[in-house]
Amino acid sequence: MIKSIKDLEKIKIDNKEKIDFRMLSTQVTDNIEAEMISENGRYDIALCMGTSCQSSKSTEVAEALDAVIKKYKLENKITIVRTGCNGFCAVGPIMVMYPGGILYHGMDAEDVPEIFDEHIINHRLVERCMYHHPVSNAVIPRYMDLPFFAKQELRVLRNKGIIDADSIDEYIGRDGYFGFAKAVTEMSSEDVIEEVKQSGLRGRGGGGFLTGLKWSFCKNSKSDKKYILCNADEGDPGAFMDRSILESDPHSVIEGMLIGAFAIGADEGYIYCRAEYPLALTRLETAIAKCEEYGLLGDNILGTGFNFRLNISRGSGAFVCGEETALMNSIEGKRGEPRPRPPFPAAKGLWGKPSVLNNVETFANIPIILFNGYEWYRTTGTENSPGTKIFALTGNVRNVGLVEVPIGTSLGDLIYDIGGGMQEGKIYKSAQIGGPSGGCIPKSHLS
């Protein structure tokens, strides 16, 4: 049970070394073989267990790893870290070996014994299971040297591929729940809203409305009950940003909702997630249960007198329920159709009570704003739209996957620098952005 910030700090200290071991060294040399050797025989194998990699048989790879670790009796030396979505979906399944941050991909369970023997026992790279540059065919061993990752700026996705997606302790080891702790122990609700306003964070669901301003409207509404809601009903074709966040880092969303609930005076919240996301729902359920066990959800959180409970509501795949008032109707058990406005949800939302609704990515930005401060947050992005944005890069590009870049990055940089350009034999014609309601961007507007 976490009763104070001291309890949080103890868990962080207990897990920090574990997490730091997986972080790539800044002392990168040309001697890859030396970097991949563990001095004490310890290795962490970060295996992507997101939906995309599971569809590429990462579950079978995990079973093969378990078997070979047992064969060598190395259970106390080697840890398989079952992460959420790694992001580089085009080349799954993906596993990254630490120390060294060496990436293997596209392997089958049958490849695991060879990779294990060569990499861990003999300290040699298995190049046929490594990334080859699509033009030069050169092998790129290190995870973060791949062009797909090297030009991203990971803020919201800072934990993807690093932590066990089901581990609250590892999330805390990466400063998790300290933004919330700061809010409820050092700040007033008005201070929190002002911090979010000053950050300039805009809703990442498409509307782009200022998050702090939305929160202030609800904060100023008088009521005996308020709700905070998360829209995880991601229905746009080809979009998987919210799903991947929930699969890889569900606690970041829960922490963002806790901060928002404190700011507006809500004691109850709902995450509305489409039933077509079974893995995201499972990881949310696990995360919520662990927060309840640790006392981060429930009554008198961190001994502050703040109470908050969080529920999951499953959608049935109706595209219209991505609209906030239709979503609220669905939670209430009604037909999922939009309500006339005004009144707006900040005054009359779920069950007629003042409510705030933000999407998954918006909430996942909140903890880093509170922890690092709005001035840090504004160091990337543009003046009117600070921060980063996550994109699902799909289509006839070489590198399909999840991308996080500063707002203001050109579409051309996304497609050619991170996406690797067109697949062989293809030429760029246009890119559709923003789902069914978005436009098509021709080549003349890529920069």
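In the block above lies the structure referred to throughout.
Our subject in this report is the structure included herewith.

How each quantity is defined
Residues numbered from 1 in each chain as written. Predicted model: local features only at pLDDT ≥ 70, side-chain atom pairs only at ≥ 80, totals over all residues. Heavy atoms only, no water. Buried < 20%, exposed > 50% of the residue type's maximum accessible area, 1.4 Å probe, protein only. Helix = DSSP H or I, 4+ residues; strand = E, 2+ residues; numbered from the N terminus. Pairing = 2+ DSSP bridges. Core = buried A, V, L, I, M, F, W, Y, C linked by side-chain atoms within 4.5 Å. Contact = heavy atoms within 4.5 Å. Disulfide = S-S within 2.5 Å.

## Topic: the pairing of strand S3 (residues 94–98)
Counted residue by residue, S3 has five buried out of five residues, so it is predominantly covered. What you see with S3 is no split at all: Ile94, Val96 and Tyr98 on one side and Met95 and Met97 on the other are buried throughout. In this sheet, S3 lies alongside strand S1 (residues 43–48) in antiparallel orientation, the contact comprising four bridges. Residue aspartate 44 lies in a different strand from S3, and its bridge partner there is tyrosine 98. Alignment of S3 against strand S4 (residues 102–105), held across four bridges, turns out to be antiparallel. Bridging from a neighbouring strand, methionine 95 pairs with tyrosine 104 of S4.

## Comments concerning the nonpolar core
Of all hydrophobic cores here, the largest spans 103 residues; its most connected members are Tyr177 and Trp215. In contact with tryptophan 215, not counting residues within four places along its chain, are Val192, Ile193, Val196, Ile259, Gly260, Ala263, Ile264, Val356, Asn358, Phe363 and Ile366. Residues Ile32, Val61, Val112 and Ile120 belong to the second largest nonpolar core, which totals 27 residues.

## Some details on the state of the cysteines
Defined simply, a disulfide is a covalent bond joining two cysteines at their sulfur atoms. Evaluated as defined, the whole model comprises zero disulfides. Free of any disulfide, cysteine 230 has its nearest neighbouring cysteine sulfur in cysteine 273, separated by 8.4 Å. Cysteine 230 gets classed as buried once you look at its relative accessible area, which sits at 0%.

## Description of the environment of valine 320
On the secondary structure map, valine 320 appears in the loop between strand S10 (306–315) and helix H14 (324–331). Apart from the residues lying within four places of it in its own chain, the contact partners of valine 320 are Ala326, Gly336 and Pro338.

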